[in-house]
Each structure stands twice: as structure tokens, then as C-alpha cells.
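Okay, here's what each chain looks like letter by letter:
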There are 2 protein chains.
Amino acid sequence: MSITITAFERSPDGGKGLARDTRVRWALEEVSQPYEVRLVPFPALKQAAHLALNPFGQIPTYEEGDLVLFETGAIVFHIAEQHAGLMPGDANARARAVMWMFAALNSVEPAILELVTARLLEGDKPWREARMPLVENRLRSRLDQLASRLGEADWLDGAFSAGDLLMVSVLLRLRPSGMLDEFPNLAAYVARGEARPAYQRAFAAQLAVNTRA
Amino acid sequence: MSITITAFERSPDGGKGLARDTRVRWALEEVSQPYEVRLVPFPALKQAAHLALNPFGQIPTYEEGDLVLFETGAIVFHIAEQHAGLMPGDANARARAVMWMFAALNSVEPAILELVTARLLEGDKPWREARMPLVENRLRSRLDQLASRLGEADWLDGAFSAGDLLMVSVLLRLRPSGMLDEFPNLAAYVARGEARPAYQRAFAAQLAVNTRA
């Protein structure tokens with residue numbers, strides 16, 4: 001069955017790979033599955049046709065036969081379950097890979113989103129300067145914990161998994177802030193993710209969309 | 001194999017059921033699995049023994065034989081995979097149940113956490129009054145979208161699933177703010193979750209911990 005995902009017609013980041021379709025593209029490239037992309041203009045995100053696919057009016061969505069999914073974590077999980085390459089075979093290691101998927105999205109990304117919100121949505125507010133150190137320090141303490149756990153390992157739990165794919169993707173959102181470089185082992189971890197051929201193909205594909213004439 | 005989870009020795013909410021061990025207790029009650037609870041005093045959360053179980057220094061954790069998990073979403077998912085009662089049998093419906101698990105934790109909970117942070121961690125800051133409406137309105141727009149998708153249905157995708165368990169648990173965190181009552185169908189959805197016998201048993205168990213002499 002053919003796979004169709006949605007992506008922004010023009011990503012707000014201009015092709016830096018931070019829009020969430022890159023995560024799904026990366027997963028599909030890791031398992032060597034072809035896919036189609038339907039580009040969605042901004043106004044259409046909040047219209048009925050797209051809300052039927054994703055009630056939160058976001059990209060990406062995933063369509064495969066009768067199955068329609070939204071929520072990047074769930075899409076990546078579905079891909080990882082259907083095809084070899086993103087989940088370990090051992091049952092306990094698989095449960096831990098799922099654990100790191102949830103950790104990326106529920107324990108790390110919210111603290112990063114808080115920083116993104118403070119910079120982008122509240123960057124012009126009078127409290128920006130006084131509040132930013134609080135937001136940054138909450139995020140730093142979370143990144144400290146993650147850096148301690150990762151240590152000098154290449155990946156979070158032995159072999160690369162869907163958990164690493166999401167954690168690297170989440171940490172990439174930090175790069176514009178410069179904060180990633182405060183944690184050298186996390187920066188190296190992200191670089192290892194970006195160096196994977198599947199990531200390179202995913203990044204190039206989203207860049208082509210965002211730099212076309 | 002016996003199951004051991006961790007919980008706060010004293011929950012900051014005094015037994016309102018908002019600490020995340022309630023979510024895991026609820027899942028275990030839905031699938032009728034017995035479990036042990038190890039209570040963790042606050043200072044121990046940041047000590048090496050607990051950080052080995054959960055690098056973010058939080059509860060709950062889950063131990064079952066050689067398997068150690070943190071991250072509530074992953075624990076609930078593991079329970080739902082091992083035992084009947086929290087996942088539909090149909091493959092597509094199962095993928096959608098996982099989708100709602102991720103939606104609860106990545107698309108709904110971060111907006112609620114932002115409100116909790118604004119009230120508890122930044123409640124004494126000079127920007128509180130001016131900033132609160134922004135935080136509340138971001139959350140309202142997300143809840144509006146969820147309420148539109150749920151409509152008059154009992155559960156998010158047909159039968160009750162692990163997706164509903166997490167979504168109800170996340171929405172419960174809104175109750176102290178009064179904002180849940182702005183969305184009558186979401187309030188009714190939460191009440192349906194709370195009325196389940198398994199939830200009642202989980203709630204009573206955490207309350208007993210937090211009201212003991």
C-alpha cells in the first residue's frame with residue numbers, strides 16, 4: 001500500500017529540517033520505504049479537510065490504505081513496527097526504545113518548546129528579558145540529566161532505534177538557540193544522527209520543497 | 001513476574017491523583033494485574049539509585065524481572081501490550097490508540113504543563129497577570145480542537161483504550177484551574193474515565209498512601 005504524508009507547503013524554518021515531517025521522512029528512509037508528500041498551504045491546516053486528518057491542524061499526517069494517523073510519535077512507531085530497522089528484536093530492548101520515544105516527546109520536547117515559545121511567541125513582551133533565564137535554566141536541568149544518562153555512548157540504549165530518531169530530532173530544535181553546544185556529548189549525539197544516510201536523504205527532500213522556485 | 005512501581009512518599013497534590021503513578025496504577029487495574037509500590041522520599045529522587053531507574057529523577061518507574069522502564073506513556077504502553085483490556089485487536093484501531101497516547105502526552109499535556117508552570121513556578125513573578133491570558137488562550141485553542149474531535153462520543157476512537165486512559169489523566173490536571181468546565185464534553189469525558197472501577201481503585205490506592213498517618 002502506498003504511503004502519503006503531509007508537509008508544510010512552505011516550512012516556517014525555510015528548510016532547516018525542524019518541521020516534523022522531517023522526522024517521518026527520516027523514519028521512512030531508515031526502513032527504505034517510498035512515500036508521497038502532499039504539501040499543505042497554511043490556511044488549509046485549519047480547514048475541515050485537513051482537520052479530519054489531524055484535529056490539531058498540524059503536519060505531518062500519514063495515510064496508508066484505510067489507516068490515517070497524525071502525531072509524529074505514533075507515525076514513527078507505526079513505521080518502526082511495520083518494517084525492520086528502527087526497533088530492536090529483543091522484547092525488553094524494544095520496550096526501552098519505546099520508552100525513549102516517549103521520553104523525547106514528553107520529557108525533553110516540552111522544555112524545548114517552552115524556550116521556542118518564549119523566543120518566538122513572547123519575544124516582544126516586556127517580561128522577555130527577566131523571564132528567559134528561568135526558562136533556559138529549566139531546560140538546562142533537563143538537558144543535564146539527559147547528558148548524564150547518555151554519557152559517552154553513541155546511542156541511548158545500544159543500537160540506534162526510533163527512540164534515538166525522535167530524541168535527535170527534538171534536540172535539533174535547540175540548535176538555533178546555541179544551547180545544544182553547552183552539552184558536548186549531546187551535540188555529538190545529534191551530529192551522529194544527522195550523519196546517517198537516511199537523515200541526509202530526509203533532510204535533502206524537505207530542503208528541496210522549501211527552496212524550490 | 002512481579003511488578004514494582006515507584007510513587008512519591010508524599011505527593012505534592014496531597015492525594016488528588018494527579019501524580020503520574022496514578023496513570024500506571026489505573027492501567028494495571030484495567031488489566032487486573034497486581035503490583036507492589038515502593039515509595040520514594042523527595043531527596044531520593046535526585047540520588048544515584050533512583051536516577052539509575054529514571055534519569056529525569058521522577059516517578060513512576062516500573063520494574064518487572066530484568067525490565068526497568070520510566071516514562072509513564074511507555075509504561076502504560078508496555079502494560080497494554082502484555083495484557084488484554086487497553087488495546088483494540090484490530091491493527092488500524094491499535095495504531096490509532098497509540099496515536100491518542102502520543103497526542104495526550106505531546107499535543108495536549110505540554111499546553112497544560114505551561115499553565116501549571118505559570119501558576120506554580122512563576123505565580124509570584126511580576127509578569128504573572130499580563131502573561132496568564134496568553135498561556136490560557138494557547139491552551140484553550142488546543143482544548144477547543146480536542147473537544148471538536150471528541151464531539152458527543154464516549155471515547156476518542158470507539159472503545160476505551162490506553163489512549164483514553166492517558167488523555168483523561170492529562171485533562172485531570174486541568175481541574176484545579178477550573179478550565180475543564182469551559183468544555184462540557186471534555187468534562188463529561190473525564191468524568192466517564194473517573195467513573196471506571198479500575199480508575200476508582202487506582203485513585204483509592206494513591207489516596208491511601210497520601211492520607212496515611
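An unreviewed UniProt entry lists chain A under the name Glutathione S-transferase family protein, with Uliginosibacterium silvisoli as the source organism.

## A short note on the environment of Ile-75 of chain A
All names here are of chain A. Along the chain, Ile-75 turns up in helix α4 (residues 72-82). We classify Ile-75 as buried; its relative accessible area is 0%. Ile-75 sits 56 residues away from Ala-19 along the chain, and the two C-alpha atoms are 15 Å apart. If we ignore the near neighbours within four places in the chain, the residues touching Ile-75 are Val-24, Pro-60, Thr-61, Tyr-62, Leu-69 and Phe-70.

## Remarks on the relation of the copies chain B and chain A
The two copies are related by a screw operation: chain B maps onto chain A through 180° of rotation and 0.0 Å of translation along the axis, at an RMSD of 0.0 Å. In the structure described here, the two chain copies are related by an operation that fits a two-fold rotation axis. Looking at chain B, 100% of its interface residues are interface residues in chain A too, so the copies touch through the same face.

## Here's the deal with the UniProt feature "domain: GST C-terminal" (unreviewed entry) in chain A
Per the UniProt record, "domain: GST C-terminal" (unreviewed entry) is annotated on residues 90-213 of chain A. The span residues 90-213 of chain A is 73% helix and 0% strand, and its two end C-alpha atoms sit 47 Å from each other.

## A few points about the interface of chain B and chain A
Many analyses report the size of an interface as the accessible area lost when the parts associate. If you look at the interface, chain B gives 51 residues, while chain A gives 51 residues. Interface area, chain B with chain A, both sides summed: about 4,200 Å², of which 63% is carbon and sulfur. Contact with chain A buries surface across chain B, with Phe-56, Phe-102 and Asn-106 of chain B losing the most and accounting together for 18% of the total. Scanning the region where chain B abuts chain A turns up six salt bridges. Between Arg-138 of chain A and Glu-122 of chain B there is a salt bridge, with its nearest N and O atoms 2.5 Å apart. Where chain B touches chain A, the interface holds 18 residue pairs in polar contact (both at pLDDT 80 or more). Tallied by class, the residues present in the side of chain B that touches chain A amount to 26 nonpolar, ten polar and 15 charged.

About the criteria used
Residues numbered from 1 in each chain as written. Chains lettered and ligands numbered in written order. Predicted model: local features only at pLDDT ≥ 70, side-chain atom pairs only at ≥ 80, totals over all residues. Heavy atoms only, no water. Helix = DSSP H or I, 4+ residues; strand = E, 2+ residues; numbered from the N terminus. Buried < 20%, exposed > 50% of the residue type's maximum accessible area, 1.4 Å probe, protein only. Contact = heavy atoms within 4.5 Å. Least-squares fit on C-alpha atoms with pLDDT ≥ 70 in both. UniProt positions renumbered as here; feature names shortened; annotations may be inferred. Buried area = accessible area lost by both parts, 1.4 Å probe. Salt bridge = Lys/Arg side-chain N within 4 Å of Asp/Glu carboxyl O. Polar contact = N/O pair within 3.5 Å; in protein donor to acceptor, adjacent residues only side chain to side chain. Nonpolar A, V, L, I, M, F, W, Y, C, P; charged D, E, K, R; others polar.

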